[in-house]
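Chain residues, written in single-letter form:
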Amino acid sequence: MIDRRAFLGGVLVVSAPVVLPGLTAGPAAAGPAEAPAELAPNVFVRLDGRGRITATVPKPDSGQGVRTLVALLVAEELAVGPDDVRVEQAPGDTARYGSQSVGNSFSARSLHQPMRTAAATARCLLVAAAAARWGVPVGECSARDGAVHHRRRRLRYAELVRDAAALDPATVPVALTPQAEWRLLGRTRAGRVDARDVVTGKARYGIDTRPPGALVAVVLRPPWIGALVDTVDDTAARALPGVVAVTALDPATSGQGGVAVVARTTPEALKGRDALRVTWRGGTPAADSRVWLDALEAALPPVPAAPGPVALEATYRLPLLAHAPMEPMNATAHVTATGIDVWAPTQDPGGLRTQLARQFGLDAAAVRVETALTGGAFGRRVEPDPVLEAIACSRAAGAPVSVLWTREDDLRHDSYRPMSVHRLAAVVDAGGVPTWRSHGVSTWGLTVLPFFTPDVIKRSGDQFPYAVPGQVDVVAGPAPLRTGFWRAVYAGHFQYVEEVFLDALGRRAGLDPVELRRRLLPADSRLRRALDAAVARAGPVPAGLTRGVACHDDYGSVIAVVADAEGDRVRRVTAAVDVGPVLHPSGVRAQVEGGVVDAVSTVFGAQVTVRDGRVVQTSFRDYAWARIDRAPDVDVVLVPSDAPVGGLGELAFPPAAAAVAIASGREVTGMPVTAPVG
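Residues numbered from 1 in each chain as written. Predicted model: local features only at pLDDT ≥ 70, side-chain atom pairs only at ≥ 80, totals over all residues. Heavy atoms only, no water.

### Notes on the sheet that holds strand S22 (residues 569-578)
Line of reasoning, step 1. The strand order S20-S21-S22-S25 describes an open sheet built from four strands, whose pairing is mixed. The open sheet has two edge strands with one neighbour each: strand S20 (546-554) and strand S25 (633-638). For this sheet, the mean angle separating the axes of adjacent strands, direction not counted, is 15°.
Line of reasoning, step 2. As judged from the nine bridges shared by S20 and strand S21 (residues 557-566), these two strands associate in the antiparallel manner. By the bridge assignment for S21, Gly548 is matched with Ala563.
Line of reasoning, step 3. Its contacts with the sheet put helix H18 (residues 653-663) on S20, S21 and S22, and the angle it makes with S20 is roughly 160°. (Pairing = 2+ DSSP bridges. Helix = DSSP H or I, 4+ residues; strand = E, 2+ residues; numbered from the N terminus. Axes fitted to C-alpha atoms, helices over the stretch in contact; angles between N-to-C directions. Contact = heavy atoms within 4.5 Å.)

### What to know about the sheet that holds strand S5 (residues 147-150)
Line of reasoning, step 1. The strand order across the open sheet built from three strands is S4-S5-S6, with neighbouring strands paired in antiparallel fashion. Strands at the two margins of the open sheet, each flanked by one partner only, are strand S4 (142-144) and strand S6 (153-156). Pairwise comparison of adjacent strand axes, ignoring direction, gives a mean angle of 30° for this sheet.
Line of reasoning, step 2. Two elements, S5 and S6, share four bridges in a ladder whose sense is antiparallel. Bridge pairing in S6 places Val148 opposite Leu155.
Line of reasoning, step 3. Packing of helix H4 (residues 107-134) onto the sheet brings it into contact with S4, S5 and S6, and relative to S5 it is tilted by some 45°.
Line of reasoning, step 4. Helix-sheet contacts for helix H5 (residues 157-165) involve S4, S5 and S6, and the interaxial angle to S6 is about 70°.

What follows is the structure in structure tokens.
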């Protein structure tokens, strides 16, 4: 949260002239000249003396479109168009910007009110300044199209900035634009503010970051899980052209361990890595994910005593999954005599800054974290290991260093979604409708966050949206390799198998899958309305196709998914989503589409396997993510709602995966459905 002092702080008049990019300031006029003012009533929104609007985006954009959302929120309240708002990324600083973490589908939920209030504060100050200049009541003035209007009079924002900056924001009442009067929010299919830069290559991602004098490092990583460096012969590596330094990385303080080679260029660093001669010790060189999966199944909690005869019992096995963002992991750091500068595609710049200051015994002011545009995250970039590697390399080289991971590094040294095994059982009535259920789970906790105890994990199982009483039991042991947040976290385990099992119950009794779910949902529930909307939009099952249906309620939002498939080819997915007030329709659709592609990928082949102590998968050749020709048509229905703003980024994956698996027509015993698990 952001306290009132920080939010209202920053009303100022800037003395320096503002020069537009590409223009040169002319000679100064004779005599003193009044510099243009700047209106900055809070840390999020400012207007310069030319009326240009800049919005500071406090949270990282890892592909979820938060920069576009912020531009829309600010444009709505300042009565301008989205193109009239320039966005800039905030550095890591929780004292100024509040929590900067992106995760748990929380960006829109946490930003919409502060950003609207920030922009509305600026608007109300501008209106008050205009009213004072005209000597008329504030209520007779209005803002639109970058100006304040009173009858036939008009003052552009640029003409009011200085007067508005002189006002005390605490004395000016602030009113948000009512939803009924929104011009942009929920009404425009505006594209991303940085779309042109992204498609033309102008956008700069973390992997593109090179401060002046920066070197490049790559790391020779452990060849099997948990291995530690024993001996290092770096003679040949140091003799190569361009190699500047070789340093061993301590896994206790510098990421996952290994030996880093720092060089002038990436090819030189890679050649240096190839020339290293390293021996390794410890770890688990015989580890095998099939053995892990069998051990998890053996540890399943027993089925509890049921209130009647058990009609169906089934076991489901789910594999390890890698994050595999399009941009592999990377970070840049510069350790100086006075502190640490970091440039990184991180999901929590403020939290990273705090962690680094604590770990290295520095004042927070001595640590600077600049957030780079991120080519995908999905929970992986919560972790700081690439940053710690870059800091260690910068110390060794005495210069800024960019650490780059190859695709193979990224897949073989990820923090994986844990494996899990589920045993479900149900009692049904005479019509085959479940009246009691049990769900036993055996899995691992998250090494990235040790407080994910069985009780915490169990909450995902307790979110079963249907009116069927029952019992959820969780056994969660320590993970034998790194595990971390993966899109939807444990809901992606629980809700996937719950929906698949519910479908199996319905088929066993000859029940229509939609009617079965409707019977188990309250008539006036948001989820039932979403289910009805999805089914209505999908229409009858097309000839030759098989249909799967699934629902999910989480993050303050609900979604129902209908998938139509021809064997292993998903032809169409229809999703109806209720996220409360829709702020950015195109963004909602994009998030659902991303969840569907993840679902198709994981249901039809993508998994991580471990053999002889190492991850087998090295690239998208064997980590079978869906290619464009496997992507189905996705139709997203936006269900009108008066609920509070809900989250979305992680909402679609669990029900989309279940619906796609059911629609395949295969007997579903886990994920993927097309290959042995583990």
